[in-house]
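Coordinate analysis (summary)
Spelled out from the first residue to the last, the chains are:
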Amino acid sequence: MIRTEALCKYFQRNHQEIKAVDGLDVQVREGEVFGFLGPNGAGKTTTVRLLSCLICPTKGRAWVNNLEVGKEDQKIRAQVGILTESPGLYDRLSAQRNLEIYAELYGVADARGQVEKYLRFLELWEQRDAEAGTFSKGMKQKMAVARALLHEPPVLFLDEPTSALDPEAAKTVHDFIESLKGQGRTIFLCTHNLDEADRLCDRIAVFRQKLLAVDTPEALRRQLFGRQTVVHLARLNEQMAATVRGLPFVKHVEVLPGESGAGKLVIRLSDPAAQNPAIVQALVGQGAQIQFVNELRHSLEDVYLSLIHENRA
Amino acid sequence: MKPIRTIMAKEWAEVMRNKLVFYMVALLPLLLTAIPVVMLYIMGRVPASESDSQELAGMLQNPIFAGMTPVEALQSAMASSYLVLFLMMPLLVPVTIAAYSIVGEKLARSLEPLLATPITTTQLLLGKGLAAALPGIVMAWFSYGVFLIFARFFSASDRVFRVFVNPMWLVAMFVLAPLLTVLAVGFGIIVSSRVNDPRAAEQLGALLILPLMILFIGPLTGFIMLNSTTFLLAAAVVALLDVVVVYLGVKLFQRETILTRWK
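Residues numbered from 1 in each chain as written. Chains lettered and ligands numbered in written order. Predicted model: local features only at pLDDT ≥ 70, side-chain atom pairs only at ≥ 80, totals over all residues.

1. Some thoughts on the overall build of chain B
Looking only at helices and strands, one finds 13 helices and zero strands in chain B. N-terminal to C-terminal, the α/β element order of chain B is α-α-α-α-α-α-α-α-α-α-α-α-α. Restricting the contact set of chain B to residue pairs at least 6 apart, pairs at least 24 apart contribute 85%. (Helix = DSSP H or I, 4+ residues; strand = E, 2+ residues; numbered from the N terminus. Contact = placed C-beta atoms within 7 Å.)

This is the structure we're talking about:
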């Protein structure tokens, strides 16, 4: 649905060439929610602008819905919806009029009906006659989401969809994105909210002018940190650690002493489901008092920061 | 055509709701029409003073005023001044609308979602340009029509009234005025691309009336004679300027330029 080949965008600033996007190769499947993460200034918004045909690539190629960027831009723009960084509404016009303008520009057959549908869905119908300038940030963001969807595009570019939203409004948008996913829409999601990315995205890409990694959140965790089992013990001693280290399939053991002689063993394994029973058996055989056994799940934040710091180094 | 109409309707809806712009667009033509109407009335009714009569005596030596009464000569002599007032409308009204339209969108950051729609740059530029230009030229022609109605009654004679519909006036109003409108819109776009305050854009755009002052001051100094030939020449110059300004405006109104350089 979205494909890029060595996509580049360079800008000239003060006689210097700034590489905002430098050789991006990525494929986003139809119906996928694809997270695009990166620090400020990484080139995420530039990438979105390239793919939505707002700006032209310097080098490389890209396709959106089998239409080539740079050659069929008008058709691409008719098939994508974009939620820009700022809502960019017409403050003096009513909510309804704001959306009707865009429905007309997108060539929506029943502009009024479609506007009503989305205003009702986003619980803004009662405020349809109010000037958009009187809306709160959250309401403006909802309006911007509605604007991106009026023409029922198969591809959506969402740039920070829940920024400036309170938790309740953010949840509405999250649930909305989940429902869009259920409709088979392809969603390209730029966000700094790693929990949001972890929850919503089928795959994520970490990007900083170049692609640092792309995979499912779980696969990225495993690639970077492997799989780890944590055994919580009422009494921890070196003998127990040695027993676990002696097992042939154990890659690494980290000892984390706690209070009052308790502690944890963090054990790196290749297949915890198959190997945990043997570990538990070995420890029990040594007289260990096992309190809890769980898999250590690194957060997406750990993944992201690890990749960014590696790249910085 | 539909996208162009949508943009125009959007622009006008915003102008109607922006009191500052609305009153500027509505009151300026009113004022610029009222001044010559009132002047024409006063000149036709208030007797000349002693000093005015002496000045007039000198003026009546001019063959242009041959056979005219002092009142007729006075009313005819002021005609070119009135014309300059009418030519201000197709300059100032579009510049005001264009300034608030484009700079307003910059400040509201609403250009990006607009550019993300299937609308072409030509359609967008035409929509915004026509939305700014049409009120200016329509106001100018409407005001001219209103002036002519009053002039029919306030002119001292048919000879004076015919001055207001002579070739010079017709060339100025129907050839030069539309070209000035195009100049105003193009200039407004160029200025708005660099400025972030609509009032600053409006004030810079108002500089366009400075060349117009040549038409006002020129006849007084005797360097320029105002006639249809002068206005045709002026129209030719403005047409050339239009080409330059429209070219620059179109180059500045490209999506990439707006998103990356309009800050």
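2. Considerations on the overall build of chain A
Helix and strand counts for chain A stand at eleven helices and 14 strands. The C-alpha atoms of chain A give 25 Å as radius of gyration, which overshoots the globular expectation for 313 residues (20 Å, by more than 25%). By its C-alpha atoms, chain A is 75 × 50 × 35 Å across when sized along the principal axes. Burial analysis of chain A (313 residues in total) assigns 39% to the buried set. Restricting to contacts in chain A with at least 6 residues of sequence separation, those with at least 24 account for 69%. (Rg over C-alpha atoms; globule rule 2.2 N^0.38 Å. Buried ≥ 20, exposed ≤ 12 C-beta atoms within 10 Å, placed from the backbone.)

3. A closer look at the environment of Ile189 of chain B
Residue and element names in this part refer to chain B. Structurally, the position occupied by Ile189 is in helix H9 (residues 167-194). Residue classification places Ile189 among the buried positions, given that 26 C-beta atoms sit within 10 Å. Counting along the chain gives 61 residues from Ile189 to Lys128, while the straight-line C-alpha distance between them is 9.4 Å. Not counting the four nearest positions on each side in its chain, Ile189 is found in contact with Ala98, Ile102, Gly249, Leu252 and Phe253.

4. Concerning the interface of chain B and chain A
Tallying the contact residues gives 23 residues for chain B and 25 residues for chain A. Of all the elements in the fold, those that place two or more residues in the side of chain B that touches chain A are helix H1 (2-17), helix H6 (111-115) and helix H13 (255-261) of chain B. Ranked by residues supplied to the side of chain B that touches chain A, first place goes to H1 of chain B with seven residues. Taken together, the residues of the side of chain B that touches chain A break down into nine nonpolar, six polar and eight charged. (Nonpolar A, V, L, I, M, F, W, Y, C, P; charged D, E, K, R; others polar.)

5. Regarding the domain arrangement of chain A
Along its sequence, chain A is carved into domain 1 (2-215) and domain 2 (225-301). In this structure, domain 1 of chain A and domain 2 of chain A have C-alpha centres spaced 44 Å apart. (Domains from an automatic or database assignment.)

6. Side note on the nonpolar core
Among the nonpolar cores identified, the biggest contains 147 residues, and Phe188 and Leu189 of chain A together with Phe86 of chain B are the most heavily contacted of them. Looking at which element gives the most residues to this core, the answer is helix H5 (residues 79-108) of chain B, with 18 residues. With residues near it in sequence (within four places) discarded, Phe188 of chain A still touches Ile2, Val28, Phe34, Phe36, Val48, Leu156 and Phe157 of chain A. Within the second largest apolar cluster, 13 residues are counted, among which are Val231, Val250, Val253 and Ile279 of chain A. (Core = buried A, V, L, I, M, F, W, Y, C linked by C-beta atoms within 7 Å.)

7. Some details on the packing of H1 of chain B against helix H7 (residues 121-154) of chain B
Residues and elements named next belong to chain B. At a minimum axis distance of 8 Å, the contact between H1 and H7 shows a crossing angle of 40°. Compared by their axis directions, H1 and H7 come out oblique. Judged by the sense of rotation from one axis to the other, the crossing of H1 with H7 is right-handed. Along its contact with H1, which presents Pro3, Ile4, Ile7, Met8, Glu11 and Trp12, the element H7 presents Gln123, Leu124, Leu126, Gly127, Lys128, Leu130 and Ala131. (Axes fitted to C-alpha atoms, helices over the stretch in contact; angles between N-to-C directions. Parallel < 35°, antiparallel > 145°, perpendicular 65-115°, else oblique. Left-handed = near helix turned anticlockwise from the far one by under 90°.)

8. Thoughts on the packing of helix H9 (residues 238-245) of chain A against helix H10 (residues 272-285) of chain A
Helix packing geometry: the angle between the two helix axes and the distance between the axes. Residue and element names in this part refer to chain A. Relative orientation of the contacting elements H9 and H10 amounts to 145°, with a least axis distance of 10 Å. Where H9 crosses over H10, the two elements pack in a sense that is right-handed. For the pair H9 and H10, the contacting residues are Met240, Thr243 and Val244 in the first and Ile279, Ala282 and Leu283 in the second. In terms of residue class, the contact of H9 with H10 is made up of five nonpolar, one polar and no charged.

9. Details of the sheet that holds strand E5 (residues 67-68) of chain A
Residues and elements named next belong to chain A. The antiparallel open sheet is built from four strands, whose spatial order is E2-E1-E4-E5. The strands lining the two open edges of the sheet, one partner per strand, are strand E2 (16-28) and E5. Bridging between strand E1 (residues 2-13) and E2 involves ten bridges; their strand directions are antiparallel. Looking at E2, one finds that Gln12 is bridged to Glu17. Along the sheet, helix H1 (residues 44-51) makes contact with E1, E2 and strand E4 (59-64), crossing E2 at roughly 65°. (Pairing = 2+ DSSP bridges.)

10. Concerning the confidence of the model for chain A
For chain A, per-residue confidence averages 90 on the pLDDT scale, and residues scoring 70 or more make up 99% of the total. The lowest-confidence element of chain A is helix H11 (residues 300-312) of chain A, averaging 83 in pLDDT; the highest-confidence one is helix H3 (residues 95-105) of chain A, averaging 95. (pLDDT = per-residue confidence, 0-100.)

11. A short note on unusual backbone geometry
All names here are of chain A. One non-glycine residue, His15, adopts positive backbone phi at about 65°. Secondary-structure assignment places His15 in the loop between E1 and E2. Within the chain, Gln209 stands out as a residue other than glycine whose phi angle is a positive 65°. With respect to the element layout, Gln209 can be found in the loop between strand E9 (203-208) and strand E10 (210-215). Its 21 C-beta neighbours within 10 Å are what place Gln209 among the buried residues.

12. Concerning the sheet that holds strand E11 (residues 227-233) of chain A
All names here are of chain A. Strand order in the open sheet formed by four strands is E12-E13-E11-E14, and the pairing between neighbours is antiparallel. The open sheet has two edge strands, strand E12 (252-257) and strand E14 (290-296), and neither has a second partner. If you compare each strand with its neighbour and ignore which way they point, the axes differ by 20° on average. In the sheet, E11 pairs with E14 via six bridges, with the strands oriented antiparallel. Its bridge partner lying in E14, Leu233 is registered against Ile290.

13. Some details on the confidence of the model for chain B
Looking at chain B as a whole, its pLDDT mean stands at 83, while 87% of the residues score no less than 70. Listed scores for the predicted complex are pTM 0.82 and ipTM 0.82.

14. Overview of the pairing of strand E7 (residues 155-159) of chain A
Residue and element names in this part refer to chain A. Among the five residues of E7, five are classified as buried, and the element is accordingly described as predominantly covered. With burial as the criterion, each face of E7 is covered, one bearing Val155, Phe157 and Asp159 and the other bearing Leu156 and Leu158. The pairing of strand E6 (residues 80-83) with E7 spans four bridges and is parallel. Among the inter-strand pairings, Gly81 is bridged to a residue of E7, identified as Leu156. Relative to strand E8 (residues 186-190), E7 runs parallel, the two being bridged by five bridges. Its bridge partner lying in E8, Leu156 is registered against Ile187. After leaving E7, the chain enters helix H6 (residues 167-182) and then returns to the sheet as E8, a path that is right-handed. (Right-handed = clockwise from strand over helix to strand, strands pointing away.)

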